[in-house]
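In case you want the letters, here they are:
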Amino acid sequence: QSALTQPASVSGSPGQSITISCTGTSSDVGGYNYVSWYQQHPGKAPKLMIYEVSNRPSGVSNRFSGSKSGNTASLTISGLQAEDEADYYCSSYTSSSTSLFGTGTKVTVL
Amino acid sequence: EVQLVQSGAEVKKPGATVKISCKVSGYTFTDYYMHWVQQAPGKGLEWMGLVDPEDGETIYAEKFQGRVTITADTSTDTAYMELSSLRSEDTAVYYCATTAYGSGSPTDAFDIWGQGTMVTVSS
């Protein structure tokens, strides 16, 4: 099973909004509302930012939001801050009862 | 406090087997699935498989099927991931991950992660 497709990199200036896409198929992203997003800083374990497409865990800034349309999910970061510079991964439950991660996106704050 | 504490770094020769542990605390081990994730140096996250600690049922990613064994010991609240026939491409950080706040389904997102275990495969 191939990884979900994400752009390799996205950048923005402080205060701006950016959106990261995550494209799969009807057997994963399109078939279930079990898409999650993870932030990973260098040398650290990933951190859950969004679960079930658009839900934020307690403690995660409301600058992070998620959505889905068809086979593509999206993570939007508004009011971009320096601390948001990190790698971001989407993940989806699949029809094989497995999980599948995206290829990852490096976010750069200019 | 919910915690996953993994065993230390390993160095293995090609063809060998490695077994990594993940000790849980702060929640009921059998309530939630435990997943394992591989991350090669400079690469992305790759889901390897899961175990249901309640009954030991496992599901593995196709890529690792036949080489990976994930188990759960409810007497010690510890999950294990064993990877055999190691090759250089298996050099990676391995994470255990779970949820302590989900529904107890394999669809739960991973809000709790171990600190990672570095495995180096080298002759």
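Residues numbered from 1 in each chain as written. Chains lettered and ligands numbered in written order. Predicted model: local features only at pLDDT ≥ 70, side-chain atom pairs only at ≥ 80, totals over all residues. Heavy atoms only, no water.

### A short note on the nonpolar core
Consideration 1: Counting residues in each nonpolar core, the largest one holds 45 residues, and the members touching the most others are A:F101, B:Y27, B:M34, B:W36, B:M81, B:L83 and B:W113.
Consideration 2: What A:F101 contacts, discounting residues up to four positions off in sequence, is A:A3, A:L4, A:Y38, A:Y89, A:C90, A:S91, B:V37, B:L45, B:E46, B:W47, B:F110 and B:W113.
Consideration 3: Ranked by size, the runner-up nonpolar core spans 23 residues in total, among them A:I50, A:L75, A:Y88 and A:L100. (Core = buried A, V, L, I, M, F, W, Y, C linked by side-chain atoms within 4.5 Å. Buried < 20%, exposed > 50% of the residue type's maximum accessible area, 1.4 Å probe, protein only. Contact = heavy atoms within 4.5 Å.)

### Section: the pairing of strand β11 (residues 117-121) of chain B
All names here are of chain B.
Consideration 1: Side chains of β11 alternate between two faces, with T117, V119 and V121 buried and M118 and T120 left unburied.
Consideration 2: Relative to β11, strand β2 (residues 10-12) runs parallel, the two being bridged by three bridges. Bridge pairing in β11 places K12 opposite V121.
Consideration 3: Where strand β9 (residues 92-98) lies against β11, three bridges are found, and the strand directions are antiparallel. For Y94, the partnering residue across the bridge sits in β11 and is T117. (Helix = DSSP H or I, 4+ residues; strand = E, 2+ residues; numbered from the N terminus. Pairing = 2+ DSSP bridges.)

### So, the side chain of B:R67
Residue and element names in this part refer to chain B.
Consideration 1: Within the secondary structure layout, R67 lies in the loop between β6 (58-60) and β7 (68-73).
Consideration 2: With a relative accessible area of 11%, R67 lands in the buried category.
Consideration 3: Within the local environment of R67, its side chain forms a polar contact with the backbone oxygen of S85, the two atoms lying 3.2 Å apart.
Consideration 4: Within polar-contact distance, the side chain of R67 engages the side chain of D90 at 2.8 Å.
Consideration 5: Sequence-distant contacts of R67, defined by excluding residues within four places in its chain, comprise E82, L83, S84, S85, L86, R87 and D90. (Polar contact = N/O pair within 3.5 Å; in protein donor to acceptor, adjacent residues only side chain to side chain.)

Taken by themselves, the reported measurements are silent on function.
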